[in-house]
Amino acid sequence: MTQELVNGFKEKNVFQPAENYKKEVLVTHSETYRNRQERLSFWEERASTLSWFKKWDTVLEWNPPFAKWFEGGKLNASYNCLDRHLESSRRDKAAIIFEGEHGDSFVLTYSQLHREVCKFANVLKSLGVKKGEVVTIYMPMVPETVIAMLACARIGAPHSVVFGGFSAEALGNRIKDAGSKVLITSDGAFRRGKVLPIKENVCAALKSVQGIEKVVIVKHTETEVEIIENRDFWYHNLMKEASSDCSAEELDAEDRLFILYTSGTTGKPKGVVHTIGGYLTGVATTHQFIFDLKEDDIYWCTADLGWITGHSYLVYGPLANGTTILLFEGTPDYPKKDRFWEIIEKHKVTILYTAPTVIRTFMKWGSSYPEKRDLSSLRLLGTVGEPINPEAWKWFYKHIGNEKCPIVDTWWQTETGMIMLSPLSGVTSLKPGSCAVPFPGVKVEILNRLGQPVKKGEIGFVAITEPWPAMLRTLHRDDNRYQDTYWGKWPGKYFTGDGAKLDEDGYFWIIGRVDDVINVSGHRIGTAELENVLEEHPSVAEAACIGKTHEVKGQAIAAFVILKEGFARSEQLVNELKNYIAVKIGTIARPEDLYLTEELPKTRSGKIIRRILRDIAEGRTIGDTTTLADSAAVETLQKLNVS
Ligand code: WTA
């Protein structure tokens, strides 16, 4: 590491932790822990900062691939997120600042949130929900979603939150797989001034799916909805009668906290299972350390509650730490493209945790929007979900962080439950585009096919080679798939599906999913690497690259590019962009095809679905599109008529 660098970017693109971030930290990096025993002691010490009804007997029981953390211990996640804060001055501290799409906002203090959760836990009991029964939640970004999650946690009923933007069919499949009897939903959701028909989707889903006996509906948009007697109940009516007295169940550390469905390589979604003790230890610790949490922070994670980031870093981690969270219902461009910056100014947000795709969108819109707002309250920025290109990192750093906020690029997965790779803001020097190093107590390595560590600079598979507390325990009702998908490649080592390389300082550079690595004439080229280069070009707003089958080269590169406003499409520009890559990486990386497009197919969490681009580039019929955010994007791409 170049030590003489102090602040800002120098030739090596290294950013040292700002002076005001340097502090006494408990640990620096995973290297601090050289063996399993030391790691376990660290996690044991971290677990003891939670409130337990009964202490655990063993820290870890590891029968690969099945792990049990804190066996014998008893605790409750809702108690840890609420009750324990009521004994201190946090009682009247804001737990949730809600910002509605229309600019309406209100606060729920910890004691108010506790009261609502207790009442709703009693409602769930009155509907017959028993410990261990999965409750499905299909809701917009409103406080009642958090209340419902914590109420489930309080009585030991695992929740399965299904993203509110999913279709009726996707919802139905998840309800069926989870075997839920109770569903929590709302009449509708606001989206860019329109109302999305949440309850209508529920009705459609329930026409073909058996098993749901009770539906609770939160009145939010005042949309008229169909009510089926004895099945559908209004939330506010049930809450009126409910008692606010509900003690938290004493649950086993290894009882399930939730199931969260995520897409896999096959069409069938995987129900990732997380349990209470280890998960809570992992998310509370990472949230506190990585975001360098302070008591008066106003913390805003922009992820939807329907994704793992919403679970771990909007609900369980922050609330276990007694943080004030900002919950925003709307979108970045409604009513205007400065909505995020308006919110930061209004609520004096100190920490912003968002996704690279969002940052690139802001870049496309230009810096005039954030410039008009006061963002001086911000002190730390974070990203998650995909590799961030250095270009976007620097834009975020300069235009949002005003060159004073460290950026934590956090790598993790639904399955890992918690952040695994990240800088620690007061300790680690930052390199734009790298998610730095493993979190303390976590062991991540880059391995080749045979499971041996690769040399620095070589691309390999990201593997987690020691169990960690927030790890998934299995896939819902599918131990075999769990074993095959994650542990089948190398016994006892977790296969992440990502490719990466280590630089000379031991920093991780994630290339993307391993199936996103293109092999051109035996040379491996990461799609992220290609995209980063394209995105450095002044005309490019966003790019996605894939490998298409090529007779001679094995694979050839096809690039899909969205231009910034003000740039006209032309054959000349296409050639310029192709050559730009050839110059930046080498002629081997010159794309065979380069298409200028207006849309890219993305999941609702903003990830580009390369499978669809590959289908388009190779003229195949499009596969499953249920995870798409915008099916219009596919149509636009199909119009390109490539074959
Ligand atoms: C990708 C989201 C690069 C990665 C929390 C991983 C990232 C997948 C990063 C998991 C990052 C997530 N840099 N890539 N900082 N964070 N990814 O399950 O490919 O929705 O395997 O979890 O996102 O996506 P998931």
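The notes below deal with the structure included here. (Residues numbered from 1 in each chain as written. Predicted model: local features only at pLDDT ≥ 70, side-chain atom pairs only at ≥ 80, totals over all residues. Heavy atoms only, no water.)

**Describing the overall build of the protein chain**
A tally of helices and strands in the protein chain yields 18 helices and 32 strands. Within the protein chain, the fraction of its 643 residues that count as buried is 61%. Once local pairs closer than 6 in sequence are excluded, the contacts in the protein chain between residues at least 24 apart make up 70%. About 25,000 Å² of surface is accessible on the protein chain, with carbon and sulfur atoms providing 47% of the total. (Helix = DSSP H or I, 4+ residues; strand = E, 2+ residues; numbered from the N terminus. Buried < 20%, exposed > 50% of the residue type's maximum accessible area, 1.4 Å probe, protein only. Contact = heavy atoms within 4.5 Å. Areas by Shrake-Rupley, 256 points an atom, 1.4 Å probe, with all protein chains shown as cover.)

**Focus on the sheet that holds strand 4 (residues 94-99)**
The strand order across the open sheet built from seven strands is 5-4-17-16-18-19-20, with neighbouring strands paired in mixed fashion. The two strands at the open ends of the sheet, each matched to only one other strand, are strand 5 (105-109) and strand 20 (407-410). Strand-to-strand twist in this sheet, taken as the mean axis angle between neighbours without regard to direction, amounts to 20 degrees. Note: strand 16 (residues 298-301) against strand 17 (residues 324-328), three bridges, orientation parallel. (Pairing = 2+ DSSP bridges. Axes fitted to C-alpha atoms, helices over the stretch in contact; angles between N-to-C directions.)

**Comments concerning the sheet that holds strand 15 (residues 270-275)**
The strand order across the open sheet built from eight strands is 12-11-8-6-7-14-15-25, with neighbouring strands paired in mixed fashion. The strands lining the two open edges of the sheet, one partner per strand, are strand 12 (232-234) and strand 25 (474-475). Relative to strand 14 (residues 256-262), strand 7 (residues 159-161) runs parallel, the two sharing two bridges. Opposite Ser-160, over in strand 14, you have Ile-259 as the bridge partner. The sheet contacts of helix 6 (residues 198-208) involve strand 6 (135-138), strand 8 (182-186), strand 11 (214-218) and strand 12, and relative to strand 8 the element is tilted by about 150 degrees.

**Here's the deal with helix 14 (residues 479-487)**
Residues Arg-481, Tyr-482, Tyr-486 and Trp-487 constitute the buried set of helix 14. On its buried face, helix 14 sits against strand 1 (58-63), strand 2 (66-71), strand 15, strand 25 and strand 26 (494-502).

**A closer look at unusual backbone geometry**
A cis amide bond links Pro-64 with the next residue in sequence, Pro-65, at an omega value of 0 degrees. Assignment of secondary structure puts Pro-65 in the loop between strand 1 and strand 2. The peptide bond linking Tyr-334 to Pro-335 adopts the cis configuration, its omega dihedral lying at 0 degrees. On the secondary structure map, Pro-335 appears in the loop between strand 17 and helix 10 (339-347). The residue Asn-402 is not glycine, and still its phi comes out positive at about 50 degrees.

**Remarks on the side chain of Asp-503**
Structurally, Asp-503 can be placed in the loop between strand 26 and strand 27 (508-513). Here Asp-505 takes part through its backbone nitrogen, which lies 2.8 Å from a polar atom of the side chain of Asp-503. What Asp-503 contacts, discounting residues up to four positions off in sequence, is Lys-431, Lys-456 and Trp-509. (Polar contact = N/O pair within 3.5 Å; in protein donor to acceptor, adjacent residues only side chain to side chain.)

**Brief notes about the packing of helix 2 (residues 77-86) against helix 3 (residues 110-126)**
Two elements in contact, helix 2 and helix 3, have axes whose closest approach is 9 Å; the angle formed by their N-to-C orientations is 130 degrees. As far as their axial angle goes, helix 3 and helix 2 are oblique. Where helix 2 crosses over helix 3, the two elements pack in a sense that is left-handed. For the pair helix 2 and helix 3, contact is made by Ser-78, Cys-81, Leu-82, Asp-83, His-85 and Leu-86 and by Tyr-110, Ser-111, Leu-113, His-114 and Val-117, respectively. (Parallel < 35°, antiparallel > 145°, perpendicular 65-115°, else oblique. Left-handed = near helix turned anticlockwise from the far one by under 90°.)

**Some thoughts on the layout of surface pockets**
Taken as a whole, the second largest pocket holds about 520 Å³ of empty space. As for the second largest pocket, its lining consists of 24 residues, and the residues nearest its centre are Pro-390, Lys-501, Trp-509, Glu-529 and Asn-532. Those elements that provide at least two residues to the lining of the second largest pocket are strand 26, strand 27 and helix 15 (527-536). The element best represented in the lining of the second largest pocket is helix 15, accounting for five residues. Of the residues in the lining of the second largest pocket, the class split is 11 nonpolar, five polar and eight charged. (1 Å grid on protein atoms, 1.4 Å probe; cavity = no way out; pocket = protein on both sides within 12 Å on 5 of 7 lines; lining within 4 Å. Points joined across faces, edges and corners; volume = space filled by probe spheres on them. Nonpolar A, V, L, I, M, F, W, Y, C, P; charged D, E, K, R; others polar.)

Treat this as a map of the structure, not an account of what it does.
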